Amino acid sequence: MLRKIFQDHPESVGETYTEHFHSAFGFGTAMIAGGVKCIIHGLLPIVFTTSGSDVVRRLHVRMVTHRRRDGQDAASPTAGSR
């Protein structure tokens, strides 16, 4: 049971638990920071005019373009079906 919780998914994306923790933590903090900037942009449209979309683009490159799963390129049509 513990293996399923802590190892199956990280292994499916080619990472150890620790690597996956760091990657997920980085994604989460980037999304929070981007979200805060989007909220501020909503209040003050002159600031952070591209910050939200910049974060989305960077995370897309990290998660989809450069991630491989089970030996397949993540950009392939079947890679995101999990």
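These numbers were taken from a predicted model, which means no experiment stands behind them. (Residues numbered from 1 in each chain as written. Predicted model: local features only at pLDDT ≥ 70, side-chain atom pairs only at ≥ 80, totals over all residues. Heavy atoms only, no water.)

## Structural notes on the pattern of salt bridges
Selection criterion: We count a salt bridge whenever a side-chain nitrogen from Lys or Arg sits within 4 Å of a carboxyl oxygen from Asp or Glu. Secondary structure elements are defined from DSSP: runs of H or I of at least 4 residues count as helices, runs of E of at least 2 residues count as strands, and each element is numbered from the N terminus.
Under the definition given, this model contains one salt bridge. For the salt bridge of aspartate 54 with arginine 57, the shortest nitrogen-to-oxygen distance reads 2.8 Å. You can see aspartate 54 and its partner arginine 57 sitting in helix 3 (residues 51–65), three residues apart, about one turn around the helix.

## Quick word on helix 3
Threshold: The span expected for a helix works out to 1.5 Å for each residue beyond the first. The buried label applies to any residue whose accessible area, calculated with a 1.4 Å probe on protein chains only, is under 20% of its type's maximum; exposed applies above 50%, and partly exposed to all values in between. A contact between two residues is defined here by any heavy atoms of the two lying within 4.5 Å.
Between its first and last C-alpha atoms helix 3 spans 20 Å; for 15 residues at 1.5 Å apiece the expected length is 21 Å, and the two agree. Of the positions making up helix 3, those classed as buried are Ser51, Gly52, Val55 and Leu59. Residues of helix 3 that are buried make contact with helix 2 (17–43).

## Examining the packing of helix 2 against helix 3
Basically, it comes down to this: Lines are fitted to the C-alpha atoms to define the axes, a helix being fitted only along its stretch in contact, and any angle between axes, read from their N-to-C directions, falls within 0 to 180 degrees. Orientation labels follow simple angle bins: below 35 degrees gives roughly parallel, above 145 gives roughly antiparallel, 65 to 115 gives roughly perpendicular, and whatever is left gives oblique. By convention the crossing between two helices is left-handed if the near helix lies anticlockwise of the far one by an angle smaller than a right angle, and right-handed if it lies clockwise. The classification used treats Ala, Val, Leu, Ile, Met, Phe, Trp, Tyr, Cys and Pro as nonpolar, Asp, Glu, Lys and Arg as charged, and all other residues, Gly among them, as polar.
Between helix 2 and helix 3, the shortest axis-to-axis distance is 8 Å and the interhelical angle comes to 165°. Looking at the two axes, helix 2 sits roughly antiparallel to helix 3. At the point where helix 2 passes helix 3, the crossing takes the left-handed sense. Contact residues: helix 2 offers Ser23, Gly26, Phe27, Ala30, Met31, Gly34, Lys37 and Cys38, while helix 3 offers Ser51, Gly52, Val55, Leu59, Arg62 and Met63. Residue composition of the contact of helix 2 with helix 3, grouped by class: seven nonpolar, five polar and two charged.

## A look at a nonpolar patch on the surface
Keep this limit in mind: Note that patches include only residues with greater than 30% relative accessible area and no salt bridge, and the join distances are 9 Å for like charges and 5 Å for nonpolar side chains (Val, Leu, Ile, Met, Phe, Trp, Tyr). Surface exposure here means Shrake-Rupley accessible area, sampled with a 1.4 Å probe, where a residue is shielded only by the protein chains that are shown.
Taken together, Met1, Leu2, Ile5, Phe6, Tyr17, Phe21 and Phe25 make up a surface patch of nonpolar side chains, about 820 Å² in accessible area. Among the secondary structure elements, those contributing two or more residues to the nonpolar patch are helix 1 (2–12) and helix 2. Along the chain, the position of phenylalanine 25 falls in helix 2. On the accessibility criterion, phenylalanine 25 (53% relative accessible area) is exposed.

## Topic: helix 2
Under the 1.5 Å per step criterion, the end-to-end length of helix 2 is 39 Å for 27 residues, consistent within 8% with the ideal 39 Å. All of the buried residues along helix 2 are His20, Ser23, Phe27 and Gly34. The secondary structure elements touched by the buried residues of helix 2 are helix 1 and helix 3.

## Let's talk about the packing of aromatic side chains
What counts is decided by this rule: Stacked, tilted and edge-to-face are the three classes assigned to paired rings of Phe, Tyr and Trp, where Trp is represented by its six-membered ring and a pair needs centres within 6.5 Å; plane angles under 30 degrees give stacked, over 60 edge-to-face, the rest tilted.
Tallied over the entire structure, the rule returns two aromatic pairs. Ring centres 5.4 Å apart and planes at 80° place the aromatic pair phenylalanine 6 and tyrosine 17 in the edge-to-face group. With phenylalanine 6 in helix 1 and tyrosine 17 in helix 2, this pair connects stretches of sequence that are 11 residues apart. Between the aromatic rings of phenylalanine 21 and phenylalanine 25, the centroid separation amounts to 5.9 Å while the plane-to-plane angle is 25°, which identifies the pairing as stacked. On the criterion of helical spacing, the pair formed by phenylalanine 21 and phenylalanine 25 is a turn pair, its members being four residues apart in helix 2. Given a relative accessible area of 43%, phenylalanine 21 falls into the partly exposed group.

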